Structure formats: C-alpha cells, structure tokens
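Examining the three-dimensional arrangement
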Amino acid sequence: MNKTQPSVFEELHNAQFPQLKPGTVYADWTGGALPPKMLIEAHSAMLQTTAFGNPHSHHGPSATAMDQIMETRQAILDYFNASPDEYEVIFTSGATGAIRLLEHYKYVGGELLLLADNHNSCNGLRETAKYSGAVTTRYAPINNDLTIDEEALSGFLSYPRSNGQKLFIYPAKSNYAGTIHSLDWVRHAKNKGWDVMLDAAAYVANNRLDLSKVKPDFIPLSFYKMFGYPTGLGCLIIRKDAYPRLHKKWFAGGSILLVSVMKDFYAPEALGYARFEDGTVNFAMIPAIKAGLEFLKSLNGTGAHATSIATELYDQLTYMGDWFNKPIIHSARGNDTVTFSIKKDGKIVDAWLFEQFANARGVFVRTGCFCNPGVNEKVFGYTIEAYERLYNDKIMPTAITIDKLREFSGDAPIGAIRASFGYANSFADVEHICHVVREFLRAA
Ligand SMILES: Cc1ncc(COP(=O)(O)O)c(C=O)c1O
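Everything numeric in this text was worked out from a predicted model, so none of it was measured.

**Quick look at the packing of helix H7 (residues 150-158) against helix H8 (residues 184-191)**
Contact pair H7 / H8: the axes reach a minimum separation of 9 Å and the direction vectors enclose 30 degrees. Relative to H8, the element H7 is oriented roughly parallel. In this structure, H7 meets H8 at a crossing whose hand is right-handed. Residues Glu150, Leu153, Ser154 and Leu157 of H7 pack against Trp185, His188 and Ala189 of H8.

**Side note on the packing of helix H3 (residues 60-79) against helix H11 (residues 288-299)**
Contact pair H3 / H11: the axes reach a minimum separation of 9 Å and the direction vectors enclose 25 degrees. Looking at the two axes, H3 sits roughly parallel to H11. As H3 runs across H11, the sense of the crossing is left-handed. On H11, the residues touching Gln68, Glu71, Thr72, Ala75, Ile76 and Tyr79 of H3 are Ile289, Lys290, Leu293, Leu296 and Lys297. The class makeup of the residues in the contact of H3 with H11 is six nonpolar, two polar and three charged.

**Quick notes on a nonpolar patch on the surface**
A grouping of Leu257, Leu258 and Phe265 is seen on the molecular surface, where their side chains present a nonpolar patch of about 330 Å² in accessible area. Looking at the element boundaries, Phe265 is found in the loop between strand S9 (256-259) and strand S10 (266-268). The partly exposed category is assigned to Phe265, whose relative accessible area is 45%.

**Some remarks on the sheet that holds strand S16 (residues 366-368)**
Pairing is antiparallel across the open sheet formed by four strands, whose spatial order is S11-S12-S17-S16. Single-partner strands in this sheet number two, and they are strand S11 (328-329) and S16. Relative to strand S17 (residues 416-420), strand S12 (residues 337-341) runs antiparallel, the two being bridged by four bridges. If you follow Thr339 over to S17, its bridge partner there is Arg418. Where helix H12 (residues 303-318) meets the sheet, its contacts fall on S11, S12 and S17, and the angle it forms with S12 comes to roughly 25 degrees.

**So, the side chain of Asp336**
Inspection of the secondary structure puts Asp336 in the loop between S11 and S12. There is a polar contact of 2.7 Å between the side chain of Asp336 and the side chain of Thr337. Not counting chain neighbours up to four residues away, the residues in contact with Asp336 comprise Lys173, Gly178, Asn206, Ala306, Thr307, Ala310, Ala419, Ser420 and Phe421.

The rules behind these values
Residues numbered from 1 in each chain as written. Predicted model: local features only at pLDDT ≥ 70, side-chain atom pairs only at ≥ 80, totals over all residues. Heavy atoms only, no water. Axes fitted to C-alpha atoms, helices over the stretch in contact; angles between N-to-C directions. Helix = DSSP H or I, 4+ residues; strand = E, 2+ residues; numbered from the N terminus. Parallel < 35°, antiparallel > 145°, perpendicular 65-115°, else oblique. Left-handed = near helix turned anticlockwise from the far one by under 90°. Contact = heavy atoms within 4.5 Å. Nonpolar A, V, L, I, M, F, W, Y, C, P; charged D, E, K, R; others polar. Patch = residues over 30% accessible without salt bridge, like charges linked within 9 Å, V, L, I, M, F, W, Y side chains within 5 Å. Areas by Shrake-Rupley, 256 points an atom, 1.4 Å probe, with all protein chains shown as cover. Salt bridge = Lys/Arg side-chain N within 4 Å of Asp/Glu carboxyl O. Buried < 20%, exposed > 50% of the residue type's maximum accessible area, 1.4 Å probe, protein only. Pairing = 2+ DSSP bridges. Polar contact = N/O pair within 3.5 Å; in protein donor to acceptor, adjacent residues only side chain to side chain.

As structure tokens, then:
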C-alpha cells in the first residue's frame, strides 16, 4: 500500500468517525470495531419511519419485523457464502451467547478438545462438558511462536480417548496475538469424525470466511466486532446436519410449540433456529446488520489495510529502545494485531501502567490477557506450580483480583499490550502510538 496516497480508508477515517476526537487513536479493533456514522444514521432513519412489532405477534408491524429478520438471516448466509440448504443462522446476544449454545452438545461419552489458544468463552465449555456426558476435556498445545503444534493436534484428532460424540474448538484468528490459524484443521478434524466449532469472532473483523469452502459445524460471531453497530447482537451459524448433536436442555418463550403446566411435557419447536432462540430476538436492531454487511462489502476487504498498519507498528517497535530495553513483540509480523510488552531498566513494565499513560494521551489500546489465558501462559512462561502457590498459599480464591495478582506475581508480568487495527485506522495512528511509547520510555 502506498502510504502517501489518500486511500478509501483515509477518506473513511476523515469523514465517518466523528465520535473519535481529533488526535486520538483507537487501536482496540479486536475489542470492537468502530461504527461509521452512516450505519447509525441509516438505522436511526429506519426506526423513525418504520414500526417494528414483536415478531411473535401477527399484526402489520410484527410482520414487518419478521420480514426484516428473515431477510437478515439470508443476508448473513450470503455474506459468508453459505448455502441455506446447508447452514442456518441462530441469533444470539453475541459470540459468547452463540458459543454457549454448545452447552447443549450431547457428548454421549465423547470428548471436548480445545486449542490452548482459545477465548475464555470457549474455555468455559469445559465446565458444562463435565456434566453433559463428556469423558474428558483436553487441550492441544501451541508452539512458542503461538502457532498450532501441528504434530500434537494431529495426534489428538487421530487418537480420541472415546467413541462418543467429539467436539473440537479453535479460533480462526487468535484474539491474543492476531495469529491466523489454518482453516484446513476444520476438514482434517471432520475427516476424523469430530464436530468442529470454529470461533470466528476475531477473524471476521478483517477476514471474509467462505462457508462454501470451509465447512465447520458451528461458527459463533458478534456483529459489533465486524462493523461496530449494533452491539448486543451475534449469531451462531450452524450446519443444519449438526442439530441432532444438540439436546436443548430447557425451553423458553418462542422455542416451544406446545406446553402445559398440568403435566411435565412440552413440544419444542422443530429442530432449527427457532428451538434455540430463547425469548424475543432483538428485532429492532437486527435490521441494522444488513447495512453493516453491505458496508463491509463496499470496502472490498479490510485485512490488507489493517495488516499494513500493524506491520508498520511492528517494524517501528522493533527498532525502538536500546538493546537492554527493546520492546518485546509477542505477535508475529504480518498480522493485523501487535501484542507486545515494554521494558524499562531491563524489566517488563506492568502493561496496565502503560495503558493508563497512553489513555491519558488519547491512545486506546487493550492490556491484560485478553480473556485468553492459554496464550498468555505461553507468552510469559507461567507454570502451574506458580499458579497453585498463588491460589493455595497466598490468597483465598474468592479474593483473587487483578491487583492481588499484581501484588503476588512479583517480577512476572501478568499481561501484555495489544494494538489491533481495522478500517478506521490510518498510518498516522502508528506515529502517534510510537510517540507515546517513546514518551513513556523517557518518563521517570
Ligand atoms: C476469539 C473470540 N471469541 C469470543 C469472543 C467473545 O465475544 P463477545 O464478548 O462479543 O461475546 C471474543 C471477544 O473478544 C473473541 O475475540
């Protein structure tokens, strides 16, 4: 990309994000995308001119809402190139709500396999697996460069510990370091008899998933991570032939055909999205999704733009500081994310101190473990013995707070700094971030 030419992204940056004060840098794209003002305006206009009613009713405004919801389901499938014969969309409150639908997975003596690089919303499924008939939960390790340990994963997939139903969960893109994991693992795992949940929440922000080529069973995502608006809405894109592997553990309004309080009996909705959408879906906001998808399509791909900005930051950080105090970059060059630590006096500085310093100067980055303990443990080399010392000897589990972790971790850093980018960023953002890092290094 030519850094001196105004690009479609620079024009977008200048015209569409009045919510960003001049001189500030938003570099937390994996946390959430920024909505361009045209999306908010278009949706606001729609709400002011169209009456939407509860889609469970049958009057005009209700039918309008239902039409919009059905059109949006189709638009989502179209965007991901998914055939409606093969896939369906279940609306949820976000990626976590979508992932939690796998609490209904029937292991029948089978197992759960997680990549060590997973968001906690996926890690948490190991708890429900315990009382949903899973024999075991295992973690496939990652390498020091944060890529998948291919030999180990192949072994786990080829030699399951059970004959029951088996679920493998991994992210298409790591939310910790932006690592893109090969989508080939979907086919490989399915060939070995595994169901696959491909966590696409971080991936779809800057990458287009083509479900005519890759065919996972379950794909959770949040729409605010793609185009910033609306929040509180996501979906599980599900392969229709995977429904029988889910046993819905409860019912709720909207998900049943017949129920009585006179007897412990109910008839659920037919196997399909209606059985899994509890209560009333977010019918006022769902119509905004179509415009968001159209907006992303109009940009014709955001990955190259985001990656070139991140790469510029990566390179500038690489040449910063003296040899004793060089920033440590944990992520690989060539992702849309740079995850790093800053050193002062030869020691890694508490990432949170940098976050506060940067925030006061209008640079918004994320710090911590990003809800991804597996990669954080790999990056900082924690041992289970250290954890156990911390948990067992020092403080009561109920009293564990970030401040306590800091207090007891001594010299060990408890998290990193993550700068992640998307369509609203420009190269000037990199200069600003680097300026703030240098200022931080100089500050006493
Ligand atoms: C890879 C990944 N999975 C799941 C989630 C959870 O998404 P949400 O908080 O929108 O439910 C996130 C959020 O950052 C994520 O990055």
